[in-house]
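One-letter residues, chain by chain:
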Amino acid sequence: MTRTYVVTGAASGIGKATTEKLRTDGHTVVGVDIRDADVVVDLSTDEGRTALVHEVSQRAGGRIDAVIAVAGLVAASPVTVGVNYFGAKATLEGLRPLLAGSDAPRAVVVASLAALEDVDDGLYAKLLADDEPGARAEAERIGTATNAAGSSAIYSTTKKAIAHWARAHAKDPEWAGAGIALNAIAPGVIETPMTAPALQTAEGRAALDAGAPSPLNGPAAPPTAPAALLAWLASAENTHVTGQVVFIDGGAESIRRPELV
């Protein structure tokens, strides 16, 4: 059955791999990104989020089957707050009405294994309070410091917050009550332009391995691995998985949190 998908972050990395897989499988994909996409918008802005909904609706004839929100940044910047949390949430909420006509509506957002890292409490509170100006101000306070893996408290906090949001709302009448499965995935180290700088240095690789030890198939997965998981979670075959954060990390989460069942 041919389906219509919307994939944000479609120009590179996981989003590009997901788009290519879905199209190879015969589906229609509306790719969204800040460049080189069917719909070119800036999801860090209100204008871009509004344009996303309008342009996707026009291209898809007012009906889609699934939303896969991949777009994200790792930069220690207020813009990362705008894209990773508020942009992802606006994508899911804004496109949700277009899912109403689907027989098997699905939605997935990309979080990260980095959500297990320490978060900034001030930023996290502003995110959960849906206070974007306040969250951006908190990001300014945090500053531009990054670790050897190229990540920051801004990145880990936004990824934990969007995972929390997906779990908290998956059960709601607007989601599960409307037959829409809503999930998140949490990739470990993936070979993408975002991780390339860290993977190119011994210090960066050591930092990545410390936070994301991967006994299964090596330290970094190709983007096709999370793409396959996203495709299944967003497919009609997924009839009952919802409200989950699915880790795809070579075993890292099980090592870091072995007590969880």
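Here is a short report on the structure shown in this document. Worth saying up front: this structure is predicted, and the values here are computed from it rather than measured.

As for the sheet that holds strand 3 (residues 39-40)
Spatial ordering of the open sheet is given by 3-2-1-4-5-6-7, a layout of seven strands whose pairing is parallel. Of all strands in the sheet, those bounded by a partner on one side alone are strand 3 and strand 7 (245-248). Pairing analysis gives four bridges linking strand 1 (residues 4-8) to strand 4 (residues 66-69), with the strands arranged parallel. Of the residues in strand 4, the one forming a bridge with Val7 is Ile68. This element, helix 2 (residues 46-60), spans strand 1, strand 2 (28-33) and strand 3 of the sheet and lies at about 160 degrees to strand 2.

A look at the pairing of strand 4
Residues Ala66 and Ile68 of strand 4 are buried on one face, and the alternating residues Val67 and Ala69, pointing to the opposite face, are buried as well. Strand direction decides the pairing type here: strand 4 and strand 5 (residues 106-110), joined by four bridges, are parallel. Bridging from a neighbouring strand, Ala69 pairs with Val109 of strand 5. A crossover connection joins strand 4 to the parallel strand 5 through helix 3 (residues 78-95); in handedness this β-α-β unit is right-handed.

Considerations on the pattern of salt bridges
Scanning all chains against the criterion turns up 16 salt bridges. Look at the salt bridges and you will find they share partners, linking Asp46, Arg49, Glu132 and Arg136 into a network.

Some details on the packing of aromatic side chains
One pass over the full model with this rule turns up two aromatic pairs. Between the aromatic rings of Tyr85 and Phe86, the centroid separation amounts to 5.0 Å while the plane-to-plane angle is 90 degrees, which identifies the pairing as edge-to-face. The two residues Tyr85 and Phe86 agree in class, both being buried. Taken together, a centroid distance of 6.2 Å and an interplanar angle of 90 degrees make the contact between Trp165 and Trp175 edge-to-face. You can see Trp165 sitting in helix 6 (residues 153-169) and its partner Trp175 sitting in the loop between helix 6 and strand 6 (181-187), a full 10 residues away along the chain. Trp175 shares its class with Trp165; the two are buried. Just above the ring of Tyr124 sits the side chain of Lys160; from NZ or CZ to the centre is 5.3 Å.

With respect to the side chain of Asp249
Checked against the element boundaries, Asp249 lands in the loop between strand 7 and helix 10 (252-256). As a buried residue without a salt bridge, Asp249 has its nearest oppositely charged side chain in Arg257, at a separation of 8.1 Å. One polar contact links the side chain of Asp249 to the main-chain amide nitrogen of Gly251, over a distance of 2.9 Å. A polar side-chain atom of Asp249 sits 2.9 Å from the main-chain amide nitrogen of Glu253. Residues contacting Asp249, with those up to four places away along its chain left out, are Leu113, Gly188, Pro213 and Ser214.

Quick word on helix 9 (residues 224-233)
Those residues of helix 9 lying buried are Pro226, Ala227, Leu229, Leu230, Ala231 and Leu233. Elements in contact with the buried residues of helix 9: helix 1 (13-24), strand 4, strand 5, strand 6 and strand 7.

Re the pairing of strand 6
The element strand 6 is extensively covered by neighbouring structure, given that seven of its seven residues are classed as buried. Every second residue of strand 6 is oriented toward a common face, with Ala181, Asn183, Ile185 and Pro187 on one face and Leu182, Ala184 and Ala186 on the other, all of them buried. The pairing of strand 5 with strand 6 spans five bridges and is classified as parallel. Note that in strand 6 the partner of Val109 across the bridge is Ala184. In this structure, strand 6 lies alongside strand 7, joined through four bridges in parallel fashion. Residue Ala184 lies in a different strand from strand 7, and its bridge partner there is Val245.

Some thoughts on helix 8 (residues 202-211)
Among the residues of helix 8, Gly204, Leu208 and Gly211 are the ones counted as buried. One side of helix 8 carries all its buried residues, which in axial view fall inside an arc of 70 degrees. Along helix 8, exposed side chains directed more than 90 degrees from the buried face belong to Ala202, Glu203 and Ala210. In this fold, the buried residues of helix 8 make contact with helix 7 (196-199) and helix 10.

Rules behind the numbers
- Residues numbered from 1 in each chain as written.
- Predicted model: local features only at pLDDT ≥ 70, side-chain atom pairs only at ≥ 80, totals over all residues.
- Heavy atoms only, no water.
- Pairing = 2+ DSSP bridges.
- Helix = DSSP H or I, 4+ residues; strand = E, 2+ residues; numbered from the N terminus.
- Contact = heavy atoms within 4.5 Å.
- Axes fitted to C-alpha atoms, helices over the stretch in contact; angles between N-to-C directions.
- Buried < 20%, exposed > 50% of the residue type's maximum accessible area, 1.4 Å probe, protein only.
- Right-handed = clockwise from strand over helix to strand, strands pointing away.
- Salt bridge = Lys/Arg side-chain N within 4 Å of Asp/Glu carboxyl O.
- Phe/Tyr/Trp six-rings, centres within 6.5 Å; stacked < 30°, edge-to-face > 60°.
- Lys NZ or Arg CZ within 6 Å of the ring centre and 35° of its normal.
- Lys, Arg positive; Asp, Glu negative; His and termini not counted.
- Polar contact = N/O pair within 3.5 Å; in protein donor to acceptor, adjacent residues only side chain to side chain.
- Arc of directions from axis to C-beta.

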